[in-house]
Amino acid sequence: MRKGFCCLFVCLLMLHHATVFAQSGSISGRVLDTDGQPVTFASVLLRHFSDSSLVKTELTDDKGAYQIASVANGNYLLEVTLLAYRKYLSGKVVVAGNNTAMPDIALQKSNNTTLKEVAIRAQKPFIEVHPDKLVVNVENSIVDAGGSALDVLQHSPGVTVDQNDNISLKGRSGVNVMINGKIQPISGQELANMLKSMPSNAVESIELITNPSAKYDAAGSAGIINIKLKKDSKSGLNGSVNGTYAQGIYGKANGGFNMNYRNNKFNFFASYNHSEREGFNHLTLQRSFYTNSVFAGAYNQDNNYVYHFHTDIASVGMDYNISSKTTIGFILNGESDFINRTGNNYSIVVDSASQQPSSHFTTQNEAPSFWNSYAANINLRHTFDSSGKVLAVDLDYAGYPSHGTQDYTTIYSTPDPEAILHGDQKGITQIRSFKADYTNPFKNNAKLEAGIKTSFVTADNNLRFFDQTDTGYKADISKTDHFIYNETINAGYINVSKDWTKWSTQLGLRAEQTIAKGSDVTTDSSFTRNYLQLFPSFAVQRHVDKNDDLGITLSRRIDRPSYEQLNPFKYYLDPTTYKTGYPYLNPALSYSAELSYTYKQRFITSLNCVITTNPIVEVIQPSATEDKVTIQTTKNLTTLYYYSASGSYQFQFFKWWSNTTNANVYYSRYTGDIAGTNLNAGKVAFNIYSSNHFILPHNWSAELSGFYQAPEQYGYMQVRQMSMIDIGIQKNLFDKQATIRLNAKDIFWHGYPSAVSYYYDYIESFVARRDTRLVVVSFTYRFGKRTLPQSAKHSGGAEDEKKRVGGQG
């Protein structure tokens, strides 16, 4: 049935094309200049003869040729435009099946010489190779026309967007997404909603940075994706409204709007988004305990959790042009989250002697919680002169208060009494940050960048547990905890770069000092951290010829633990299982090197090597102090060696069928020692993502994509394979001002994790089935001037700290 379903989809698609082609034709020809030379990258617009409404757009190739396929029979006009040339408009063009060959079109030069520089810029190649990054110029993308910024990102080389809208670069998750050079403090669904509401024609280019230079925060080893929006000084109002509904086992809905108004002196922007989501996590576990390799008992557990999310996110801001050289702005962000999780656990206790079930217990739990955030940013940008000398300053404050309760009732089949546990958590995390960046270009294609940053973070969280007794609730000191964490990071960097005809280089150095103190008030214990780290970066690129580019990048990066990972609070699944943080985590430090080769600007192959000390990994380990109790936490291993060969290849099989395929083959080896178990394990694995995009007549398009992840090693876990197939169809309405989409995600429901963890005296196997198989319908309407890009979400200088807040951010 599964194979038949895919075959049916492809057959219907081909039948649709065959039917359309029988009632349509095509138009082809060449565009030349007055000297008879081909004109490349000219826009060829097909319009209805009756009302001049736009039908299709194509670009001329390097021979000046164009072909517009799948044109319905009828009467049309042909318009050709290119900056620095006069617009050409044909007479009536009749399409009556087959191919209509047009005579050569001779474009006349425009007398307006001020367009010369812009015309050269408009002819940028699809992919530009720089020493420290890859730039995808998407301004003239036909595939993504009428789509969203997320569509553009999904078709960029090496970028994968999974079924949960998590973004990875060359197979490595945790990538930082920037807009106009500002890291977005959001991820997952919230980031996806913002990118879906942003029209693709507002995007100028995508910068893919696998080894960031010294100007960026040293945090994060997965790389950076920078979305650069078009700059436009026109006045006016624009924005969009959007709504999405998804149905799996449970329903999920969200909707919102964003708007932007600009005139000569100020730019005002605002957005709001509301979401209601329900989902589930069906977790099955088999846990076996041993003593000196002798079986000591086991649990077979079945957990069902249902959760409900209620989220409101709003932001408002303004930029004011004090003069032609100076702009000051502010932005206010707020978020309110209510999360209610209810669950049932059924556990079978396996006896050590008979190795048969001897008893069981059930646990019912409910954990409602409120997570809020508020943030403010003031920013200043001053341009000193026409050479491009710029000073940018950001001042930030953010607060993340939270309050939640946990209630657990456990009933045993043995004479043990019923156990009732109540937990109450209150906390707040606050971030203060200052950042200044200076850029100084030179006349010989060289540039100097320098900057400083300081941030101060405080986190105060108090969790109290109570056991119910005959006389009421009694404090449980063994589970109660009050944890306070303070952290200061001071940073400075300098970065220089220079371009020659065939060579480009970049060299930078960043220094970061970290001063931290964690205090456990309950146990009267504390720890301190005070260290200075240097983060060099180097990149060189060789442009061999018009088809071949080679590049090398080297960098050192750091991954600091999130504040949630440091917090020793306990969140219980049942009496034998809980999740907690580990306050003694050290930051992970990585050295990364990459060799890349680009062929014809569309086929990119790279070799990567990353060596990480103290890698931070999630572990599920037996407790060292409690009998037959399992802890889910994060720990430092000793080293992680990661070697990979990745490729990103873009194919154009037909005018209407394009394909982007990303593949990554890698070897990961972990070393460490946790719970008395020495680890020295590695495995060769691979993943592949392939997306097929079909352009259909009458503003329809379709997509068929698939993802496969082979079994891999992750710390002490051996993770099993997973796969996903997604299909979708899209229609642009109202002259591409609106878009409606219908998608089916993870249609065979294989996109959930499962793994086995091996320790000396403990083995655990789990399967976590989640609500990933969905049917999604979404609608986006963009209003105002479409040539006016929406304002980027200015995020200030504290975004690395905000991302580390974790569940509170």
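Residues numbered from 1 in each chain as written. Predicted model: local features only at pLDDT ≥ 70, side-chain atom pairs only at ≥ 80, totals over all residues. Heavy atoms only, no water.

Take the overall build of the protein chain next. Within the protein chain one finds 6 helices and 48 strands. Every one of the 809 residues in the protein chain was classed for burial, and the buried ones make up 51%. Taking all contacts inside the protein chain whose residues are at least 6 apart in sequence as the whole, residues at least 24 apart take part in 66%. Summing over all exposed atoms, the protein chain offers an accessible surface of approximately 36,500 Å²; the carbon and sulfur share of this is 57%. (Helix = DSSP H or I, 4+ residues; strand = E, 2+ residues; numbered from the N terminus. Buried < 20%, exposed > 50% of the residue type's maximum accessible area, 1.4 Å probe, protein only. Contact = heavy atoms within 4.5 Å. Areas by Shrake-Rupley, 256 points an atom, 1.4 Å probe, with all protein chains shown as cover.)

With respect to the helices, strands and loops of the structure, Lys635 is situated in strand β37 (residues 630-636). Buried and without a salt bridge, Lys635 has Asp673 as its closest oppositely charged side chain, separated by 9.9 Å. Filtering out sequence-adjacent residues up to four positions away, Lys635 remains in contact with Tyr582, Leu585, Pro615, Ile616, Val617, Val619, Gln621 and Ile674. (Lys, Arg positive; Asp, Glu negative; His and termini not counted. Salt bridge = Lys/Arg side-chain N within 4 Å of Asp/Glu carboxyl O.)

Sheet analysis places strand β26 (residues 446-469) next to strand β27 (residues 472-475), joined by 4 bridges and oriented antiparallel. Each residue of the ladder has a partner; that of Thr469, found in β27, is Gly472. Here β26 hands over to β27 after 2 residues, the two strands then running antiparallel side by side. (Pairing = 2+ DSSP bridges.)

Another aspect to go through is the packing of aromatic side chains. In this structure the tally under the stated criterion is 36 aromatic pairs. Geometrically, the ring pair formed by Tyr307 and Phe309 is edge-to-face, given 5.1 Å between the ring centres and 75° between the ring planes. Classification of Tyr307 by relative accessible area gives partly exposed; the value is 24%. Members of the aromatic cluster, joined through ring pairs, are Tyr599, Phe603, Tyr649, Phe651, Phe653, Phe654, Trp656, Trp657 and Phe694. The ring of Phe49 has Lys92 sitting right over it, with the charged end atom 5.0 Å from the ring centre. Over the face of the ring belonging to Phe309 we find Arg277, whose NZ or CZ atom lies 4.6 Å from the ring centre. (Phe/Tyr/Trp six-rings, centres within 6.5 Å; stacked < 30°, edge-to-face > 60°. Lys NZ or Arg CZ within 6 Å of the ring centre and 35° of its normal.)

All right, on to the sheet that holds strand β32 (residues 570-574) then. As summarised here, the arrangement of the 4 strands in space is β32-β33-β37-β36, forming an open sheet in which the pairing is mixed. A strand with exactly one partner marks an edge of an open sheet, and here the two such strands are β32 and β36 (616-622). If you compare each strand with its neighbour and ignore which way they point, the axes differ by 25° on average. Sheet topology note: the β32/strand β33 (residues 577-580) ladder contains 4 bridges and is antiparallel. Across the sheet, Lys570 pairs through a bridge with Thr580, a residue of β33. (Axes fitted to C-alpha atoms, helices over the stretch in contact; angles between N-to-C directions.)

Per-residue pLDDT for the protein chain has a mean of 83; in total, 84% of the residues score no lower than 70. For the protein chain, per-element mean pLDDT is lowest for helix α2 (residues 116-121), which scores 34, and highest for strand β46 (residues 754-759), which scores 94. Of the regions scoring below 50 in pLDDT, residues 1-22 engages in 17 contacts with residues more than four places distant in sequence or in other chains. Here residues 112-123 is a poorly scored stretch, pLDDT under 50, and it has 9 contacts once near neighbours within four places are set aside; other chains count. (pLDDT = per-residue confidence, 0-100.)

Moving on, we get to the nonpolar core. Judged by nonpolar contacts, the single largest core of 22 residues is most densely connected at Tyr485 and Tyr572. Contributing elements (two or more residues each) for this core: β24 (390-412), β25 (419-441), β26, β28 (481-499) and α5 (563-566). In terms of residue count, the dominant contributor to this core is β26 (4 residues). (Core = buried A, V, L, I, M, F, W, Y, C linked by side-chain atoms within 4.5 Å.)

Here we come to a nonpolar patch on the surface. Among the surface-exposed residues, Tyr320, Ile322, Ile328, Phe330, Leu332, Ile378, Leu380, Leu395, Phe434 and Ile452 lie close enough to one another that they form a single nonpolar patch of about 850 Å² accessible area. The leading source of residues in the nonpolar patch is strand β22 (residues 326-350), at 3 residues. By secondary structure assignment, the location of Tyr320 is in strand β21 (residues 294-321). (Patch = residues over 30% accessible without salt bridge, like charges linked within 9 Å, V, L, I, M, F, W, Y side chains within 5 Å.)

This part is about the pairing of strand β31 (residues 548-559). Two elements, strand β30 (residues 525-543) and β31, share 7 bridges in a ladder whose sense is antiparallel. Note on β31: the bridge partner recorded for Phe538 is Leu554. Relative to strand β34 (residues 588-599), β31 runs antiparallel, the two sharing 12 bridges. Residue Leu554 lies in a different strand from β34, and its bridge partner there is Ala593.

As a further point, take the pattern of salt bridges. When their charged atoms lie close together, side chains carrying opposite charge are able to pair. According to the stated counting rule, one finds 10 salt bridges in the structure shown. The closest approach of N and O atoms between Lys215 and Glu449, which form a salt bridge, is 3.1 Å. Of this pair, Lys215 sits in the loop between β16 (203-209) and β17 (224-229) while Glu449 sits in strand β26, and the two are 234 residues apart along the sequence. Residue Lys215 is classed as partly exposed on the basis of its relative accessible area of 31%. The salt bridge partner of Asp476 is Lys479, with a shortest N-O separation of 3.0 Å. Looking at Asp476, the relative accessible area reads 10%, which means it is buried. Among the charged side chains, a network of salt bridges with common partners joins Arg510, Glu512 and Arg560.

So, about unusual backbone geometry. The phi angle at Asp524 is positive, at roughly 55°, despite the residue not being glycine. Mapped onto the fold, Asp524 is located in the loop between β29 (503-520) and β30. Located in the positive-phi region is Lys628, a residue other than glycine, with phi close to 50°.

Attention now moves to the environment of Thr638. By the secondary structure assignment, Thr638 is in the loop between β37 and β38 (639-654). Not counting the four nearest positions on each side in its chain, Thr638 is found in contact with Thr612, Thr613, Asn614, Pro615, Thr671 and Gly672.

Another aspect to go through is the environment of Ser433. Along the chain, Ser433 falls in strand β25. A residue is classified by how much of its surface remains accessible, and Ser433, at 4% relative accessible area, is buried.

Once that is clear, we can look at the environment of Val767. Relative to the helices and strands, Val767 resides in strand β47 (residues 762-770). Classification of Val767 by relative accessible area gives buried; the value is 16%. Between the alpha carbons of Val767 and Leu283 there is a distance of 5.8 Å; along the sequence they are 484 residues apart. Excluding anything up to four places from it in sequence, Val767 contacts His282, Leu283, Thr284, Arg720, Tyr752, Pro753 and Ser754.

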